[in-house]
Amino acid sequence: MLEILYRRLSAVLLLILALSATVFIGEETVISIVTIIFLLAELGISFLLLKKREKLHVVFISAMVAEGLFLLTRNFWLLALSILLLIIAGIWRGLLGQKVSRRVTPFLVVRKVLFSIAALIVTALWGIGVYAKPITTPVALAADTTVTIDERNLDSAAVMLKDIEVMNSFGSRTTGSEGHNQFIAWLEQQVSDMGLQVYRDRYTFDRWEEKNSTLMIDQQEIHVSSAFPYSGETDEKGVTGELVYTKRGEYGQASGKIAVIEIENFRNFPSGIVMNMRDSSPMDNQIAPNEGDLVLTTALKEAKLEQAKEMGVKAVVLVWKGVSDDKVEEQYVPFTTDYAGIPAIWVNETEGKKVISAAQEHKEGTVILEAEIQKDAPTESFYVKIDGKNKDEAIIVNTHTDGINVVEENGAVGMLSMIRYLQQEQPERTMIFAFVTGHFRLPEFKGSSQATSTWMEGHRELWDGKNGHLKAVAGITVEHLGSMEWKDDDTGHYGPTGQISTEYTYAGNEMMAAIWLKAIEKTDSTRTVLLRGHNKFEFGESQPLFEAGIPVIGFIPMPDYLLVESDNREMDKFDAKLMHTQIVSLLKAVKLVDGTETTKLGKSDVYSFFYGRTK
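Residues numbered from 1 in each chain as written. Predicted model: local features only at pLDDT ≥ 70, side-chain atom pairs only at ≥ 80, totals over all residues. Heavy atoms only, no water.

### A short note on the overall build of the protein
Right, on to step 1. If you tally the helices and strands in the protein, you get 18 helices and 17 strands.
Right, on to step 2. In terms of C-alpha radius of gyration, the protein reaches 28 Å, essentially the compact-globule figure of 25 Å for 615 residues.
Right, on to step 3. Restricting the contact set of the protein to residue pairs at least 6 apart, pairs at least 24 apart contribute 84%.
Right, on to step 4. Carbon together with sulfur atoms contributes 55% to the accessible area of the protein, which is approximately 26600 Å² in total.
Right, on to step 5. One way to put it: in the protein the 62 positive side-chain charges average out to a point 12 Å from where the 81 negative ones average out. (Helix = DSSP H or I, 4+ residues; strand = E, 2+ residues; numbered from the N terminus. Rg over C-alpha atoms; globule rule 2.2 N^0.38 Å. Contact = heavy atoms within 4.5 Å. Areas by Shrake-Rupley, 256 points an atom, 1.4 Å probe, with all protein chains shown as cover. Lys, Arg positive; Asp, Glu negative; His and termini not counted. Charge placed at Lys NZ, Arg CZ, Asp CG, Glu CD.)

### Remarks on the layout of surface pockets
Right, on to step 1. Taken as a whole, the largest pocket encloses approximately 1100 Å³ of empty space.
Right, on to step 2. Around the largest pocket sit 50 residues that line it, and Val-295, Leu-296, Ala-299, Phe-537 and Phe-539 are the ones nearest its centre.
Right, on to step 3. Secondary-structure elements contributing two or more residues to the lining of the largest pocket are α8 (293-300) and α13 (442-445).
Right, on to step 4. When residues in the lining of the largest pocket are grouped by element, the largest group, seven residues, is from α8.
Right, on to step 5. Roughly 700 Å³ of volume is contained in the second largest pocket.
Right, on to step 6. Along its surface, the second largest pocket is lined by 32 residues, and Met-277, Arg-278, Asp-279, Ser-280 and Arg-613 are the ones closest to its centre.
Right, on to step 7. Secondary-structure elements contributing two or more residues to the lining of the second largest pocket are β6 (277-281) and α15 (510-519).
Right, on to step 8. Looking at which element gives the most residues to the lining of the second largest pocket, the answer is α15, with five residues.
Right, on to step 9. Within the lining of the second largest pocket, the residues separate by chemical class into 14 nonpolar, seven polar and eleven charged. (1 Å grid on protein atoms, 1.4 Å probe; cavity = no way out; pocket = protein on both sides within 12 Å on 5 of 7 lines; lining within 4 Å. Points joined across faces, edges and corners; volume = space filled by probe spheres on them. Nonpolar A, V, L, I, M, F, W, Y, C, P; charged D, E, K, R; others polar.)

### So, the packing of helix α2 (residues 28-49) against helix α4 (residues 76-96)
Right, on to step 1. At a minimum axis distance of 12 Å, the contact between α2 and α4 shows a crossing angle of 40 degrees. Looking at the two axes, α2 sits oblique to α4. Judged by the sense of rotation from one axis to the other, the crossing of α2 with α4 is left-handed. Here Glu-28, Ser-32, Thr-35, Leu-39, Glu-42 and Ser-46 of α2 come into contact with α4, specifically with Leu-79, Leu-86 and Arg-93.
Right, on to step 2. Considering only residue class, the contact of α2 with α4 consists of three nonpolar, three polar and three charged. (Axes fitted to C-alpha atoms, helices over the stretch in contact; angles between N-to-C directions. Parallel < 35°, antiparallel > 145°, perpendicular 65-115°, else oblique. Left-handed = near helix turned anticlockwise from the far one by under 90°.)

### Side note on the environment of Ala-259
Right, on to step 1. Topologically, Ala-259 is positioned in strand β5 (residues 258-264).
Right, on to step 2. What makes Ala-259 buried here is its relative accessible area of 0%.
Right, on to step 3. Distance from Ala-259 to Glu-547, taken between C-alpha atoms, is 40 Å for residues 288 residues apart in sequence.
Right, on to step 4. What Ala-259 contacts, discounting residues up to four positions off in sequence, is Val-244, Thr-246, Tyr-251, Ala-254, Val-313, Ala-315, Val-316 and Val-317. (Buried < 20%, exposed > 50% of the residue type's maximum accessible area, 1.4 Å probe, protein only.)

Printed below as a string of structure tokens:
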């Protein structure tokens, strides 16, 4: 009886080890060591206690050898083989290696069915892992590989700052707004003045822009931290009704009234679900805690405004919880939702306590959310190119032009400096510089992933390599330059940490990772975390290039104030000298890519899956 229980438990543990090795990327070493110890124990129990020799032991020994070789070589295929052997051993022991009972009981049938389903799931996950190859072999450029940027021929930090100030003078640059259109016109004039032809793509969409948001309770104004973009609108009198404290999605009891819901911030979100580290520089860098927490919170804890509208709710007041009042002030979140047709506003936790108390007392409130609605609002993307010696291949450098503060989005300003520098000598390959619109209206412009995908679909002749088209052999995405880090501390105070923001950089494959590490090799101030597209997530406008198989370097720091639409455009958190340093690194990357053979550049990896490395 004990032997039967032991074998059943062993079969389950073998599948658990296989599952763990498949799912937890970055923990392979620990899991491999545990697996070897477990298999040694298995062999010891069989040989010494049970005095048995089984054909299954050959599988155990083979798995141990594969695990040992993996620990020595870090070869992914050895790990994949060892996981497969664990699955085989588990199935063998759980389904095939036991004596057939003459008496078939319901319990026995259910147990075998459940075990079979578990084995199929683990095998399927193993197959996905093999497809994605979450462990890749690092590529090192030759030690004597060098690239230099003559900073005498590059815009100084002061010149870049002057351009940034021009950008800020246009105010908020949400998609299709007056400020955005003025910024695009200025950018086009800048590149025209460089002697480059501007190729435009014009679009129209229905634009929404907040003009005023107010919340009144007991004839007293409650501070509104921000409006919910593209939620809805009221006239200047607003909507008045009983405040009802409820949960998101449970709007039935708030029909004909004003719903009050709490949105608790993800303070310790498991970042391995959306990120997978390739490398870092310096080596001790890792994914910063709570990075992008407000964006993730509003995406994953959806307010479900469409449901509120269907239920006849007049308006929705969303109360932040678990995040400082200063951090949520003027956050333009979420920016990825469809127009809902119902007014919604955000209040911070301090003011939210007043609102919740009033709702619990069934008091009346008034929500005012005046907004400008513009049907068929015009906006445009554009690109310019520098012809290379090779007329068949291209390198795409891209960013988006819409944004709301100094870092979101200043990539276009950085690209102006890059173009001025790269114009001085003809590159090997044609350089395409794409300035795209629609990042702040992704429901209408995202195409297959991000706004750049809409532009790419309209210009396959620039990248797909078919029917005489240019073949894009690499891409460089430029976003969020000069960002200093601000965080909530342990006491809930929001302020500067004294560090630059983590420089998240997506690398489409190991060659692009090696190129970026070489580009920042002699940089004094860097805080790089190299990422791989993971679980269908790749934040920023590099994603469409990655999904098209174009090996990419996507530079995208993600400071906590990225979506703050403040009057000063967050200039107190911006460093022009840091921006200058980052542009130097990006130019080095472009030149390294341009000097690398196409076969060595390769193509982008596919997404990795499951739980990624975070350190």
